[in-house]
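Next come the chains, spelled out residue by residue.
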Amino acid sequence: MNFGRGPSVVLNVGGTRYSFSREVLKDFPLRRVSRLHGCLSEQDVLEVCDDYDRERNEYFFDRHSEAFGFIMLYVRHGHLRFVPHMCELSFYNEMIYWGLEGSHLDYCCQRRLDDRMSETCTYYAAEEPPGEPAGGPEGKGRRPAGAEGGKWLERMRRTFEEPTSSVAAQVLATVSILFVIVSMVVLCASTLPEWRVPENRSVEEQSRYTAESVREPSGIIEAICIGWFTAECIVRFIVSKNKCEFVRRPLNIIDLLAITPYYISVLMTVFTGENSQLQRAGVTLRVLRMMRIFWVIKLARHFIGLQTLGLTLKRCYREMVMLLVFICVAMAIFSALSQLLENGLDLGTKNKDYASIPAACWWVIISMTTVGYGDMCPITVPGRILGGICVVSGIVLLALPITFIYHSFVQCYHELKFRSARYSRSLSAEFLN
C-alpha cells in the first residue's frame with residue numbers, strides 16, 4: 001500500500017471496525033477493499049471510500065454494517081447468503097458495491113434473487129444510465145468539439161436500434177412491425193389457389209417479377225415494403241458506430257437475406273427477359289422469394305421474448321451440443337438394436353419398415369421426442385420392449401440439459417428486461433419534457 005502509515009489499516013463500515021494488515025489488502029477478495037492497496041494519495045482514497053482519518057489510518061464506508069458482516073463471512077468461509085429480514089435487492093446492491101456478483105451467492109439465494117428480480121423487473125448495475133455523459137453529471141458542459149454531431153448520431157442509432165429509447169423509436173418500431181405483418185400476409189395469400197386461379201397464372205408465373213406483376217396490388221405492396229426495409233437498413237448502417245460489427249450481427253444478416261432476393265429477382269427479369277428459359281424454370285426465383293419468410297425474425301428487434309430466445313441459444317451452445325450428442329448416441333444404439341430385433345433376426349416375422357439402420361433412426365427420433373407419428377412401429381415383443389425403453393430414455397436424456405438452458409433463459413430475460421426498463425425511464429423523462 002503506497003498511502004498511509006502503520007502496519008495495519010482499519011475499515012469502518014457503518015460503525016463496525018475491521019482491522020487488516022497491509023499485505024492482506026493486496027489480494028483481498030473484495031475489489032473495492034483491494035483497491036485501497038494501490039492508492040497513492042488521499043484523493044485516490046476518497047474515490048474508494050467515503051472518508052479517511054489520517055491519524056488512526058481508518059477508512060470509513062457509509063454502508064450497511066450487517067450486510068458487510070455477512071459478506072465478510074463469505075470472505076472467510078466461502079459461503080454467501082442473504083441477511084435475514086433484509087430486502088434481497090438491497091443486499092444485492094451492497095454486493096455490487098463491494099465487487100461481488102449474483103453468482104457468488106449460494107444456489108438457494110440465487111433462486112430467491114431471480115424470483116425477486118422477476119417480480120420487480122429491477123436490476124442494480126454499475127453501468128451509467130443511458131444518455132448521461134461520461135464522467136457523471138460533472139462532465140456536462142465540457143464536451144469536446146464535434147460532440148453535438150456525435151450526440152445526434154447516437155440519438156439516431158438508439159432510435160433505430162432500441163425501440164423503447166424514445167417516442168420516435170416507438171413510432172418507428174410500430175411502423176416497422178406493421179410493414180412486416182403486411183408483407184407476411186401478402187406472402188401467405190400469394191400461395192393460395194384462389195389468389196392465382198382467377199388470374200390464370202401458374203406457380204412459375206407467380207414467382208416472376210414481370211412488368212405486369214409489379215403493377216398489381218400485391219406487387220405494389222411488396223415493393224413498398226421492400227423500399228421501407230431497404231431504407232431502414234441503409235440508415236441503420238450509416239448511423240452505426242462500427243460498420244464491420246454491424247455487418248456481422250445476426251439480425252442484420254437476416255435483414256440482408258430478406259431484402260436481397262427481391263432485387264436479385266428483379267435483376268434476373270431485367271437482364272434475362274421474361275420469356276427466357278431461366279425464368280420459365282422458376283425454381284430459383286421461388287426459392288429466393290420464399291426467403292422473405294425471414295422478415296418474421298425482424299420482429300426480434302421489437303420483442304424481448306425473441307431476443308431472449310436468441311441470446312439463450314447463443315450462451316447455451318455447449319448445452320445444445322451436449323443435448324445433440326446425447327440424442328445421436330442413443331439414436332445409434334436404439335436404431336441398431338431395433339433393426340436387429342425387427343428385421344435382422346429370423347423370428348418368422350420381418351418388419352419391412354426396419355429394413356435398415358437409417359430407416360430405424362427415424363423411428364428412434366420420433367420415439368425419443370415422444371412425437372410418435374405412427375407411420376412405423378415394432379411388431380415383435382422384444383421390439384416393443386425396446387421401444388418402451390427408448391421412450392423412457394429419451395425423456396430422461398432430453399430433460400438433463402434443460403435445467404441449464406432454463407436458468408440461462410431466466411438470466412437473459414432479466415438482463416434484457418433491465419435494459420428495456422432503463423430505456424423506458426429515459427423515455428418517460430423525454431415525454432415529460
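Rules used throughout
Residues numbered from 1 in each chain as written. Predicted model: local features only at pLDDT ≥ 70, side-chain atom pairs only at ≥ 80, totals over all residues. Heavy atoms only, no water. Helix = DSSP H or I, 4+ residues; strand = E, 2+ residues; numbered from the N terminus. Contact = heavy atoms within 4.5 Å. Buried < 20%, exposed > 50% of the residue type's maximum accessible area, 1.4 Å probe, protein only. Core = buried A, V, L, I, M, F, W, Y, C linked by side-chain atoms within 4.5 Å. Axes fitted to C-alpha atoms, helices over the stretch in contact; angles between N-to-C directions. Left-handed = near helix turned anticlockwise from the far one by under 90°. Nonpolar A, V, L, I, M, F, W, Y, C, P; charged D, E, K, R; others polar. Pairing = 2+ DSSP bridges. Parallel < 35°, antiparallel > 145°, perpendicular 65-115°, else oblique. Phe/Tyr/Trp six-rings, centres within 6.5 Å; stacked < 30°, edge-to-face > 60°. pLDDT = per-residue confidence, 0-100. Expected span 1.5 Å × (residues − 1). Arc of directions from axis to C-beta.

### Some points on the overall build of the protein
Part 1: Regarding its fold elements, the protein presents 21 helices and four strands.
Part 2: Summarising the internal contacts of the protein: among those between residues at least 6 apart in sequence, 63% fall at separations of at least 24.

### Describing helix H5 (residues 88-98)
Part 1: Most of H5 sits out of view: eight of its 11 residues are buried.
Part 2: Positive backbone phi, approximately 100°, marks Gly-99, located one or two places after H5.

### A closer look at the nonpolar core
Part 1: If you look at the biggest cluster of nonpolar residues, it comprises 37 residues, and the most contacted ones within it are Tyr-59, Phe-61, Phe-91 and Trp-98.
Part 2: Only strand E1 (8-13), strand E2 (16-21), strand E4 (58-61), helix H4 (65-77), H5 and helix H6 (107-120) provide two or more residues apiece to this core.
Part 3: Among the elements that take part in this core, H5 stands out by supplying six residues, more than any other.
Part 4: Formed by 13 residues, the second largest nonpolar core is a distinct cluster that contains Ile-177, Met-184, Cys-225 and Ile-226.

### Here we look at the packing of helix H8 (residues 167-189) against helix H12 (residues 217-239)
Part 1: At a closest axis distance of 10 Å, the pairing of H8 and H12 adopts a crossing angle of 145°. Two packed elements cross with a definite hand, and for H8 against H12 that hand is left-handed. Listed contacts from H12 to Leu-172, Val-175, Ser-176, Phe-179, Val-180, Val-182, Ser-183 and Val-186 of H8 are Ser-218, Ile-221, Ile-224, Cys-225, Trp-228, Phe-229 and Glu-232.
Part 2: Taken together, the residues of the contact of H8 with H12 sort by class into 11 nonpolar, three polar and one charged.

### Side note on the pairing of E2
Part 1: Sheet analysis places E1 next to E2, joined by six bridges and oriented antiparallel. Of the residues in E2, the one forming a bridge with Val-13 is Thr-16.
Part 2: In this structure, the hairpin formed by E1 and E2 is closed by a connection of two residues, where Gly-14 is found at a positive phi of approximately 60°.

### Details of the sheet that holds E2
Part 1: The four strands lie next to each other as E2-E1-E4-E3, forming an open sheet whose pairing is mixed. Because the sheet does not close on itself, it has two edges, and the strands there are E2 and strand E3 (51-53). Across the sheet, the axes of successive neighbouring strands diverge by a mean angle of 20°, strand direction being ignored.
Part 2: The pairing of E3 with E4 spans three bridges and is antiparallel. Its bridge partner being in E4, Tyr-52 is matched across the sheet by Tyr-59.
Part 3: Against the sheet, H4 touches E1 and E2, its axis set at about 35° to E2.

### Thoughts on the environment of Ser-367
Part 1: With respect to the helices and strands, Ser-367 occurs in helix H19 (residues 357-368).
Part 2: For the pair formed by Ser-367 and Cys-390, sequence separation is 23 residues and the distance between their alpha carbons is 6.8 Å.
Part 3: Not counting residues within four places of it along the chain, the set of residues in contact with Ser-367 comprises Cys-390 and Val-391.

### A closer look at the packing of helix H17 (residues 304-315) against helix H18 (residues 317-344)
Part 1: Where H17 meets H18, the axes come as close as 5 Å, and the angle between the chain directions of the two elements is 70°. Taken together, the axes of H17 and H18 lie roughly perpendicular to each other. For the pair H17 and H18, contact is made by Leu-313, Lys-314 and Arg-315 and by Tyr-317, Glu-319 and Met-320, respectively.
Part 2: Partitioning the contact of H17 with H18 into residue classes produces three nonpolar, no polar and three charged.

### Focus: the packing of aromatic side chains
Part 1: Overall, the coordinates contain 11 aromatic pairs when judged by the stated rule.
Part 2: Between Phe-237 and Phe-246 the ring centres are 5.5 Å apart and the planes differ by 65°, which places this aromatic pair in the edge-to-face class.
Part 3: Relative accessible area serves as the criterion here: at 34%, Phe-237 is assigned to the partly exposed category.
Part 4: Accessibility expressed as a relative area gives 5% for Phe-246, which makes it buried.
Part 5: Arranged with centres 5.7 Å apart and planes meeting at 5°, the rings of Trp-362 and Tyr-373 form a pair that is stacked. A residue pair is termed long-range when its members are at least 10 positions apart, and Trp-362 in helix H19 and Tyr-373 in the loop between H19 and helix H20 (381-399) qualify at 11 residues.
Part 6: Classification of Trp-362 by relative accessible area gives partly exposed; the value is 40%.
Part 7: Three or more aromatic residues joined by ring pairs make a cluster, and in this case those are Tyr-18, Phe-61, Phe-68, Tyr-97 and Trp-98.

### Focus: the confidence of the model for the protein
Part 1: Of all residues in the protein, 77% attain a pLDDT of 70 or more, and the chain-wide mean is 76.
Part 2: Predicted confidence is poor over residues 121-143, with pLDDT under 50, and the contacts of this stretch with residues over four places away or in other chains come to 32 contacts.
Part 3: Confidence over residues 197-209 falls short of pLDDT 50; this stretch has 33 contacts with residues more than four positions distant or in other chains.

### Points about H4
Every α-helical turn comprises 3.6 residues, leaving residues that sit three or four positions apart pointing alike.
Part 1: The end-to-end C-alpha distance of H4, which contains 13 residues, comes to 18 Å, matching closely the 18 Å that a straight helix rising 1.5 Å per residue would cover.
Part 2: Looking only at H4, the buried set comprises Ala-67, Phe-68, Ile-71, Met-72 and Tyr-74. Looking straight down H4, one finds its buried side chains confined to an arc of 150°; they lie on one side. Exposed and oriented more than 90 degrees from the buried face of H4 are Arg-76 and His-77.
Part 3: Taken together, the buried residues of H4 touch E1, E2 and H5.
Part 4: Of the residues one or two after H4, Gly-78 is the one with positive phi, at around 85°.

### Brief notes about unusual backbone geometry
Part 1: Residues other than glycine seldom take positive phi values, yet Asn-57 does so here, at roughly 55°.
Part 2: Note on placement: Asn-57 falls in the loop between E3 and E4.
Part 3: The phi angle at Thr-370 is positive, at roughly 55°, despite the residue not being glycine.
Part 4: With respect to the helices and strands, the residue Thr-370 is situated in the loop between H19 and H20.
Part 5: In this structure Thr-370 comes out as partly exposed when scored by relative accessible area, which is 49%.

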